[in-house]
Structures are given as structure tokens and as C-alpha cells.
Amino acid sequence: MIQSFQEFTRRQFLKSASGGLATIFFNESLWGRVVSASEDSSGRATPNETADQWLPTCCMMCGGATGMLVHVVGGRVEGVMPNDENPIGTCNVSQDYERERGRGAKLCPKGNASVASLYDPDRVPVPLRRIGPRGSGRWEAISWEEAVKEVAGRLREIKERYGPESLFWCSEDASFVNIQKDFCELYGSPNFSMHSNICDVSRKLGYKLVMGHDRPLGDLQNSKYIMLFGWNPLAATKWAHLPAIINRARELGAKLVVVDPVFTHTAAKADEWVPIRPGTDGALALAMAHVIVREGLFDRDFVREWTTGFEEFSRFVKGYSPKWAEKVTSVPRETISRLAMELASTRPFVVDAWSGPGHHSNATQAIRAIASLPVLLGQVDRAGTLLFPERKGPKRRGLQLEKPLPPRVDGLGTKYPFGHGSGIYCEARDAMLTGKPYQLHAGVFVFQNFVMAVPNTSKNVEALKRLDFIVAVDTLLSETAELADIVIPGSHFFERYELIANWTTWPTLALRQPVVGSHVKGMPEYEFVMALGRELGLKDKEGKGFETSYEGYMDAELKSGIGIGLEELKGLPGAVWKSGQTRYEKYLEEVKVPEGAIIDEKAGIVRNKEGKTVGIKLREKIVRGFDTPSKKIEFFSKELKEKAFEPLPRYEEPEDRSTKKYPLYLVAWKQAEHTHGRTLNNAWLMDLKPDNPLWVNTETGKRLGLAEGEEVWLESPHGKARVKVHLTEGIHPEVVGLHHGYGHWALGKLAKGKGVNDGLFMPGKAERLSGEGITKEVGVRIYKEASKG
């Protein structure tokens, strides 16, 4: 049992925070190895209402699912710490795992503050039925049985009257997704959507089109040069190990370059900050490619053997010189040329991009341009470069539906042939408003504050008001919940199960499990979904429905996916399954030639009987290649050309850039203190970051006559609000910015009325290739008079 461990209380949390954000990345090595006070002879901890024990689970304060140990005493959570059996929080490469475990696993500030969300006094305590007009805040408590029957009854009515496709269902994307998909398909609705389409789907599509994998991961700590476009991993910590492995790389001599209009926490720790005009990242990447090709610095052998379309690409980039790019990006041409030369002369390196360039109208092509840089130099799937993770996870059961699902309402697969399976929120919202291609009548929102999350807040409110019936499942009365007809209490992640296929470069899977009973005496979301399915009598042609327990459902998914069951997973150290190790250069692995395959000696490819390319002929071997149609990395995309999109990563100006009337760009970013808008009622985190003043460059502020802390109007063509000014050198002079997630008028007592919602100012568009919601592209103006025209 741990000796002399003091619980991480709010007071200690704030004391740690006073030493800087790095201090509150909890390091397990400070405390030694955890052994539960109530372990059985197998070493497995089991929940007990009276025991003093440490139980393994996975964090869900964001979607990163960092490994966590929870101290439970008498059925109440008393503290948390990292779980070093889980690679998430330690590192993402197996060869580094044991060494990094010795340095200590990590947990970010949000994870450390998770207990404050569990015991939030504003949590929805019981199912609620609206008894006043929408948004009136008038509710009556109902029983769980009433809630299930009423929701099922209304959904049955709507299905019979308008058809099953009139149901829109959206969910957070890292929890109990499969059971919700099952419900929608058995109900007959094609319109299940998830958070991903306002997160990183343009990045996924860009990399998928070029490299064949939609989420390559950087082997950052083994890299010698790291260039990040619009990514802030030292603060916007998707995975808690990111700051540690980047800092480890820098200790070992790597150079860190951050391209971003904002001097983020990562930029502050970098060797070089490159302030760039928003939405022009693709132009910078193309100009760097221009230098690399012009100077003959590309990896000729790799490009010849492993890429297609280089001839077209090399001609294409001749038009994107550093001189041209300087005018577009505001980055000096000398800097562009030097960065290209540095990149070309350093091995290994990581070039990566996330939501900075990914939340613009030109996002996918910008990501393709950025992805071309490591391809030109052969820095792909090798140690210290971008790696293609090999993940294994639960396998969703197959359903035999009575009839095919109708077309989706959001254009996925038609208007958006390259859209992500998570759907297109902006298009679904617009369909609610216009009734085209058909009218939606019901909406179920599971842990999704649609009003605040989707760009263009006022449109979102009006759209939801058009629905006949709304169900919100959430822990707090969010802005979306305030418009609902029925509110179902959501669970905290300490109260529920989930199977997590980790984002590591080798196969690992972790268990999120209940460590305490429901604080509000409710049922987890998946149990509510299954109860609805039973009430509606939903089954497929083989009789598969919702009769099993959720534990049984998970057990079957696990056995189909990785070959072990739920009880076996619980019995593994830290409730984490790990298999094999990180493998490099997987494209060189030999593959078996399928029966009837044709080897095209001239083209050097192997096609199966259906004509699909299944391998590459490399000298005397048939090898795997990449997961693209050609099995090679593609500078030129025939897929895009066939769908009438630009096959080369052409730069186009952002659609909603600044104008004469709205001369400043508005961007938003995420920090370590909060996740989107959902942690804004967490008392500990709000003590750290209670507000989001508008960052304005000092020189810009001087020109506009602004003073530090002054309240002014911020206005775009789509909305305006009062904001407090923060003058700083840490933002591009043509740009103003807000920490994302604030501006609530609901959610809870702490969140209400704090800061400004950046979504209020956005047009509310989707990027035309990926369907990504555009959240960082609009022109704004600042003024002091309320009535300025």
C-alpha cells in the first residue's frame, strides 16, 4: 500500500498550479508503485463499497483516455494518479515504454481535476421533463421508467409519422459509440453522427489521401527536428505523454519549430516560433516543397520507388516560390528557404499538423501539402518520423437489417464523397433549418453540447427549435439541454465502462471501468440506450437486439477483436492489454500473392482478380506498400480527380478571410486548463482559468487605442459580443484570438456568464472535402461604441 500519500485536494491542486502548468502534470515516479489495499490473490482490484483501494481506469476529461488509478475509500473517490501500465500517459512507441515508465507516467491538469467534475453540485440529479416553453428552464422530475417510456413513445410516433430518417442522433466520439450505432441502425435512421467532424477529420483525410493512413503518430522523442503546424501539444494535450516525449526530444538535441499565428505554450518552449497568417499553412508548405525540389534535395530513391505523381507535383510546385509565399503567409522568404533547407538536412524528423490548419475552408489541401514534406525526404514510418499505428480493438457486432438505411441528411457520401463517417454537423444543422433534403423531427444529443460546439451559435439555437422532440443526455444542464424536452442524467467516466483501443504505435487496449457507483443514482448512457431499444422492440433479422447486458456486449466485442474476454482484461496489470511492439517500415513487409493475382512487371504492382492493387513488386519480392489505391504514397490523387476535385494540393485563399470592413482574423485555441466547453463548470479548473480575454497584438492595440483590460465590442458578419482586451506580443498583428470553450449562458453556476463564445462569430460552414466544421476562419472588427455601424 502507498505510504504517506496525501490526497490531491483542491488546495494542493492550486498550489501545484502556482508553479506553472508543468507542475500539475502528475508524475507517478514521485509516489512509487501502487498496490491496492484490497487486491485479491491474482493482483486484480475489485470495487468494494467499504474498501480502501486503487482501481485502474482511463480518463475522459478529454478524448485522450490517459491511464489513471483512482483512490476509492468507502465508495468515494479520494484521489487520482497516473497508471503506468497504460502507455497513454507514458509514451507512444513500445521500444521506449519501459524506459519512460521509469521516468514516471503523466496525468494532465484536467485529469487531476476529474474528481471535481464527479462531485459537481450542478450535476443533473434525475430525469427531467420540460413543462414550460423551450429555454424557459421549467422542469419536473420524472422516474427513469417514465423517461424510457416517454422517449421511446415519442420516437415511435415520429418514426411512424415521418419515417426513421427523421431522427438525428449525435454523440461524443470516444464513449459507447457502437451501442448507439446499433440503436440508430435498428431504428432505421442513417443519421448517427459524432464529434470527430468538428475535431480532426480534415487532418485524417489529408494524410489518408497522401499516405494511406488517417492518423499517423509522431515518434517525437526519437526525432532530431520537429516542425508543428498549428498544433499546441504542450498545452492542448490530447494524450498526456505528449509534453514529456517532446521535452525528452529537446533534451536529446532536437530542434522544435512551431508555425502558428499565436505564441502558444508550445511555441513558448520552441526553438523558433513562425507567426503565420491564418489559413495559409498550405502555402508555406508548398513553398518549402518548391525549395526542396528546386535544389534537388529530395530523397530520389524513396520518391522513385514509393511515390506516384512526383513528376506532376514537381512541375506544380514551381509556381509556389518563397517570394510568392511571403506575400500570402507574411513569413519572410528567407525564413521559408532556411526552414526547407534545415528540414532537408536533418534526419530523422517529424512534420505534423492538427486543428490549426485543419479548421479552415482549405484544410484538406493544406494538410496534403504539409504531408508532402516528409514524403519528399523519405521520412515516413521510420524511427523518429511519422509512424502508422497498428491498432487492435473491440470488434462491433454485425447486424442484419430488415432493409437498407435511407440516404443521410448531411450529404455524407454524396455531396461529401470523402467525408468522415462521423457525419457533417453543419449540414445536418442546415437541414433542420431548411427542411432539405428532408426535414429532421427528432434529435438525441449524447454528451454533445451541439449549441456551443458547432460553429455559428445563433443558427444552432434556431435549428434545434425546429425539431419536434429533443433528448439531451448530459451531466449538466447545457445550452442544448435547456432546449430539450427530456433531459437524461449523464454519467461521469468514473461511473461507467468503455473499451479503449489506444492511440499508440503498437497494439494496446485499456479498460475504462466503474470505480464508484452513480453519484446521482442513475444508469450509464449505454444502459439507457439499451433500455430504449428494448422498449421499442428493436431487433435485426436474426433477432439481435438489446437483450444482453452491456458487460456481455463488451465481452463479445473483445473476444471478436483481440481474443480475450472482459474478465480477462480486468485481470491484466492495470487492466491494459499489450501485444507485440512498434514496427517500422511496414511497407517493406512481404505479402502472400493472392490466388489468381496478376503481376504487372512494367508497373511493378500486383492486382487481384478484381483489378485492385494489393502489393508492390520490389526487386524479387512482393511487399505490402502503403494503404492507398496505388499502394504507393500519392502526390497526385486520382481519387480526387475522379470526383472532380483538385488532384494536387493547390493553395486557395480562405473563403472567409479578413476584409476592409472586418480587417482582423479571429482564431481560437485550446489550453491545458479546459476541454472544449465541457469543463467550464469544474471548480478546480475554473480557479486556474476563469476567463478568456481577447488577445490583441500590442502594436495593433496601440493603433486602435486599446488599453489592457478594457472592454470593447468584437464583431463579425455573424455575431458580436463584449470582450475584455489582453495586449500581448504573442499573437500575429493581423490576428486576434480567444481561448475556446467559454461564453456559456447555461451549463452551471461557475460556467455561466464567463468569457466569450468564439462560435458566435463563425459563419457555420463545413470544409468542402472533409466536411470538417470550420471554426477558425472569419474576419472581425473591434470598436468601443455599442452602436457603431
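The structure displayed is predicted, hence computed values, not measured ones. Position numbers for residues count from 1 along each chain, tracking the sequence in the order it is written. Two thresholds apply to this predicted model, a pLDDT of at least 70 for residue-level local features and 80 or more for giving and counting side-chain atom pairs, whereas whole-chain, interface and lining totals are computed over all residues. Only hydrogens and water are removed before side-chain values are computed, so all heavy atoms of the structure are retained for them.

Caption draft 1: Structural view of the pattern of salt bridges. The term salt bridge refers to a pairing of a side-chain nitrogen on Lys or Arg with a carboxyl oxygen on Asp or Glu at a separation within 4 Å. If you walk through the whole model with that rule in mind, you get 61 salt bridges. One salt bridge in this structure joins Asp200 and Arg215, with 2.5 Å as the shortest N-O distance. Of this pair, Asp200 sits in the loop between β9 (192-194) and α7 (201-211) while Arg215 sits in the loop between α7 and β10 (217-218), and the two are 15 residues apart along the sequence. You'll find Asp200 and Arg215 in the same group, each marked buried. Linking Arg338 and Glu272 is a salt bridge whose minimum nitrogen-to-oxygen distance equals 2.5 Å. Where helices and strands are cited, they refer to DSSP runs of H or I of at least four residues and of E of at least two residues respectively, numbered from the N terminus. Throughout, exposure labels follow a simple rule: accessible area from a 1.4 Å probe, protein chains only, divided by the maximum for the residue type, with under 20% read as buried, over 50% as exposed, and the rest as partly exposed.

Caption draft 2: Spatial organisation of unusual backbone geometry. Following Arg347, the chain continues to Pro348 via a peptide bond in cis, the omega torsion being -10°. Among the secondary structure elements, Pro348 is positioned in the loop between α14 (333-344) and β15 (349-353). Note that the residue after Lys436, namely Pro437, is joined by a cis bond; omega there is 5°. Residue placement: Pro437 occurs in the loop between α17 (425-434) and β17 (442-446). One non-glycine residue, Ala65, lies in positive phi territory at about 60°. With respect to the helices, strands and loops of the structure, Ala65 is situated in the loop between β2 (52-58) and β3 (67-73). With a relative accessible area of 5%, Ala65 lands in the buried category. The backbone of Leu747 shows a phi angle near 85°, a positive value even though the residue is not glycine. Within the secondary structure layout, Leu747 lies in the loop between β32 (735-739) and β33 (779-783).

Caption draft 3: Quick look at the sheet that holds β15. The pairing criterion is simple: DSSP has to find at least two bridges between the two strands. Taken in spatial order, the four strands line up as β13-β12-β11-β15 in an open sheet, and their pairing is parallel. The strands lining the two open edges of the sheet, one partner per strand, are β13 (272-274) and β15. Each adjacent strand pair in this sheet contributes to an overall mean axis angle of 15°, direction not counted. Pairing geometry for strand β11 (residues 225-229) and β15, over five bridges, is parallel. Bridge pairing in β15 links Leu228 to Asp352. Each of β11 and β15 is contacted by helix α16 (residues 363-376), which is oriented at about 175° to β15, the strand it contacts most. Between the N-to-C directions of two axes lies an angle of 0 to 180 degrees, each axis being a line fitted to C-alpha atoms and, for a helix, fitted only over the stretch in contact. Pairs of residues are marked as contacts when any of their non-hydrogen atoms sit within 4.5 Å.

Caption draft 4: Focus on the packing of aromatic side chains. Here the aromatic set is Phe, Tyr and Trp, taking the six-membered ring for Trp, and pairing holds for ring centres within 6.5 Å; pairs whose planes are under 30 degrees apart are stacked, those over 60 apart are edge-to-face, and all others are tilted. Under the defined criterion, the tally for this structure stands at 30 aromatic pairs. When the ring of Phe263 is compared with that of Trp273, the centres are 5.0 Å apart and the planes differ by 55°; the resulting orientation is tilted. In this pair, Phe263 sits in the loop between β12 (255-259) and α9 (265-269) while Trp273 sits in strand β13, placing the two residues ten residues apart along the sequence. Since its relative accessible area comes to 23%, Trp273 is described here as partly exposed. Between the aromatic rings of Trp306 and Tyr587, the centroid separation amounts to 4.9 Å while the plane-to-plane angle is 70°, which identifies the pairing as edge-to-face. Here the residue Trp306 occupies a position in helix α11 (residues 300-306), and Tyr587 occupies one in the loop between β22 (576-578) and β23 (598-600), the gap between them amounting to 281 residues. Accessibility classification places Trp306 together with Tyr587 in one group, the buried group. One aromatic cluster in this structure is built from Phe298, Phe310, Phe313, Phe316, Tyr320, Trp324, Phe635 and Tyr651.

Caption draft 5: Local environment of the layout of surface pockets. With a 1 Å grid spanning the protein atoms alone, the term cavity applies to any set of points in which a 1.4 Å probe fits but cannot get out, the term pocket to an open set with protein on both sides within 12 Å along at least five of seven lines, and the term lining residue to any residue with an atom within 4 Å of a point. Grid points are joined across faces, edges and corners, and a volume is the space filled by probe spheres set on the points. Computed from the structure, the largest pocket encloses a volume of approximately 780 Å³. Lining of the largest pocket is provided by 34 residues; of these, Asp173, Ala174, Val177, Arg391 and Trp503 occupy positions nearest its centre. Broken down by secondary-structure element, the contributors of at least two residues to the lining of the largest pocket are α6 (177-187), β20 (498-501) and α21 (550-561). Broken down by element, the residue count for the lining of the largest pocket peaks at four residues, all from β20. In this classification, Asp, Glu, Lys and Arg are treated as charged, Ala, Val, Leu, Ile, Met, Phe, Trp, Tyr, Cys and Pro as nonpolar, and every other residue, Gly included, as polar. Here the residues of the lining of the largest pocket are counted per class, giving 15 nonpolar, nine polar and ten charged.

Caption draft 6: Region of the structure containing the confidence of the model for the chain. As a per-residue quantity, pLDDT reports the predictor's confidence and falls between 0 and 100. Residues at a pLDDT of 70 or more form 93% of the chain, whose mean pLDDT is 93. Note that pLDDT drops below 50 for residues 18-24; the model gives that stretch 14 contacts with residues more than four away or on any other chain.

Caption draft 7: Broad picture of α21. What a helix should span is 1.5 Å times the count of its residues minus one. Across its twelve residues, α21 extends 16 Å between first and last C-alpha, which sits within 8% of the 16 Å expected from 1.5 Å per residue. What α21 keeps buried is the set Tyr550, Tyr553, Met554, Glu557 and Leu558. All buried residues of α21 fall inside an arc of 130° around its axis, so they share one side. Along its buried surface, α21 packs onto α6, β20, β21 (508-512), α20 (525-536) and α22 (566-571). The reported arc concerns the directions from the helix axis to the C-beta atoms and nothing else.

Caption draft 8: Representation of the pairing of β32 within the structure. With five of five residues buried, β32 is to be regarded as a mostly interior element. On β32, burial covers both faces: Val735, Gly737 and His739 on one face and Val736 and Leu738 on the other are all buried. For strand β28 (residues 664-669) and β32, the ladder comprises five bridges, and the chain directions are parallel. Bridge pairing in β32 links Leu666 to Val736. Relative to β32, strand β29 (residues 694-697) runs antiparallel, the two being bridged by two bridges. Residue pairing in the sheet places Val696 in a bridge with Val736 of β32.

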